[in-house]
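# A structural walkthrough
Each chain, letter by letter, is given below.
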Amino acid sequence: QVQLVESGGGSVQPGGSLRLSCATSETIFSFNIMGWYRQALGKERELVAAKTVSGATNYANSVKGRFTITTDNAKNTVYLQMNDLKPEDTAVYYCNARTYDWALDAWGQGTLVTVSS
């Protein structure tokens, strides 16, 4: 069974930065898309950023220019660098790894990011 282990969440003041990490138990090349989602209290889970195996990236409009998704293939890890954090970025962030046909679709346990002064 595929396991995704996230780390890097925490509390930060507005304008601050955090980097989330997600390590996969299988080679990252097993997946076509690596992504980060978030779910704020009382809201639905939403896509934050995604990166395909070909290197194409996609970001939610609310985070464009502030967040960056990257992968380290040697470490089988996907990162989310979050800069200029805002209170509205407060949420539980989840890592996702899947294939195009959804034959593999794995989720991390979630990591809480709190942005508050």
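Refer to the structure presented above.
Residues numbered from 1 in each chain as written. Predicted model: local features only at pLDDT ≥ 70, side-chain atom pairs only at ≥ 80, totals over all residues. Heavy atoms only, no water.

## Regarding the environment of Gly65
Put simply, the test is: Each helix corresponds to a stretch of at least 4 residues labelled H or I by DSSP, and each strand to a stretch of at least 2 residues labelled E; elements are numbered beginning at the N terminus. Residue exposure (1.4 Å probe, protein chains only): buried if accessible area is under 20% of the type maximum, exposed if over 50%, otherwise partly exposed.
Tracing the backbone through its elements, the reader meets Gly65 in the loop between β6 (57-59) and β7 (67-72). Judged by relative accessible area, Gly65 falls into the exposed class, the value being 83%. Sequence separation between Gly65 and Tyr100 is 35 residues; the distance between their C-alpha atoms is 26 Å.

## A short note on the side chain of Asp89
Here is the rule: Under this definition, polar contacts are N or O atom pairs within 3.5 Å; protein pairs additionally need one hydrogen-donor-capable and one acceptor-capable atom, and for neighbouring residues in sequence, both atoms have to be side-chain atoms. A contact between two residues is defined here by any heavy atoms of the two lying within 4.5 Å.
Mapping Asp89 onto the fold places it in the loop between β8 (77-82) and β9 (91-98). Separated by 2.7 Å, the side chains of Asp89 and Arg66 make a polar contact. Engagement of the side chain of Asp89 in a polar contact is seen with the backbone nitrogen of Lys86, the distance being 2.8 Å. Every residue in contact with Asp89, bar those within four places of it in the chain, is listed here: Arg38, Val63, Arg66, Phe67, Asp84, Val113 and Val115.

## Points about a nonpolar patch on the surface
For clarity, the cut-off: Residues enter patches when they are more than 30% accessible in relative terms and free of salt bridges; like-charged ones are connected within 9 Å and nonpolar ones (Val, Leu, Ile, Met, Phe, Trp, Tyr) within 5 Å. For every accessible area listed, the method is Shrake-Rupley and the probe measures 1.4 Å; residues are considered covered only by the protein chains on display. Each reported salt bridge corresponds to a side-chain nitrogen of Lys or Arg within 4 Å of a carboxyl oxygen of Asp or Glu.
Together, Phe29, Val53 and Tyr100 make up a nonpolar patch on the protein surface, roughly 340 Å² of accessible area in all. Note on placement: Val53 falls in the loop between β5 (46-52) and β6.

## Remarks on the packing of aromatic side chains
Here is the rule: We call Phe, Tyr and Trp rings a pair once their centres come within 6.5 Å, taking the six-membered ring for Trp, and we label the pair stacked below 30 degrees between planes, edge-to-face above 60, and tilted otherwise. Put simply, a charge is over a ring when the Lys NZ or the Arg CZ is close to the ring centre, within 6 Å, and near the line of the ring normal, within 35 degrees.
Taken as a whole, this structure holds 1 aromatic pair when the rule is applied. Sitting above the plane of the Tyr94 ring, Arg45 keeps its charged end 3.8 Å from the centroid. When the ring centre of Trp102 is taken as reference, the NZ or CZ atom of Arg98 above it lies at 3.7 Å.

## Observations regarding the environment of Phe31
Mapping Phe31 onto the fold places it in the loop between β3 (18-24) and β4 (33-39). Relative accessible area serves as the criterion here: at 1%, Phe31 is assigned to the buried category. Here the alpha-carbon distance between Phe31 and Gly42, two residues 11 residues apart in the chain, equals 30 Å. Residues contacting Phe31, with those up to four places away along its chain left out, are Val2, Thr24, Glu26, Val53, Ala97, Arg98, Thr99 and Leu104.

## Focus on the nonpolar core
Counted only if it meets this: Buried Ala, Val, Leu, Ile, Met, Phe, Trp, Tyr and Cys residues that are joined via side-chain atoms within 4.5 Å together make up what is termed a nonpolar core.
Of all hydrophobic cores here, the largest spans 28 residues; its most connected members are Trp36, Val48, Phe67, Leu80, Met82 and Tyr93. Counting only elements with at least two residues in this core, the list comes to β3, β4, β5, β7, β8, β9 and β11 (111-115). Per-element tally for this core: the top contributor is β9, with 4 residues. Not counting chain neighbours up to four residues away, the residues in contact with Phe67 comprise Arg38, Val48, Tyr59, Leu80, Gln81, Met82, Asn83, Leu85, Asp89 and Tyr93.

## Points about the pairing of β3
The test is simple: At least two bridges found by DSSP between two strands is the condition for calling them paired.
Burial within β3 is extensive, with 5 of its 7 residues counted as buried. The pairing of strand β1 (residues 4-7) with β3 spans 4 bridges and is classified as antiparallel. Looking across to β3, one finds that Glu6 is bridged to Cys22. As defined by bridge partners, β3 adjoins β8 across 6 bridges and the pair is classed as antiparallel. Counterpart to Arg19 in the pairing with β8 is Gln81.

## With respect to the pattern of salt bridges
For the coordinates displayed, the defined rule picks out 4 salt bridges. Glu46 is the salt-bridge partner of Arg38, the closest N and O atoms lying 2.7 Å from each other. Given a relative accessible area of 34%, Glu46 falls into the partly exposed group. The shortest N-O distance in the salt bridge between Asp89 and Arg38 comes to 2.9 Å. Of this pair, Asp89 sits in the loop between β8 and β9 while Arg38 sits in strand β4; the two residues are 51 residues apart in sequence, bridging distant segments of the chain.

Purely spatial values, then, with no claim about function.
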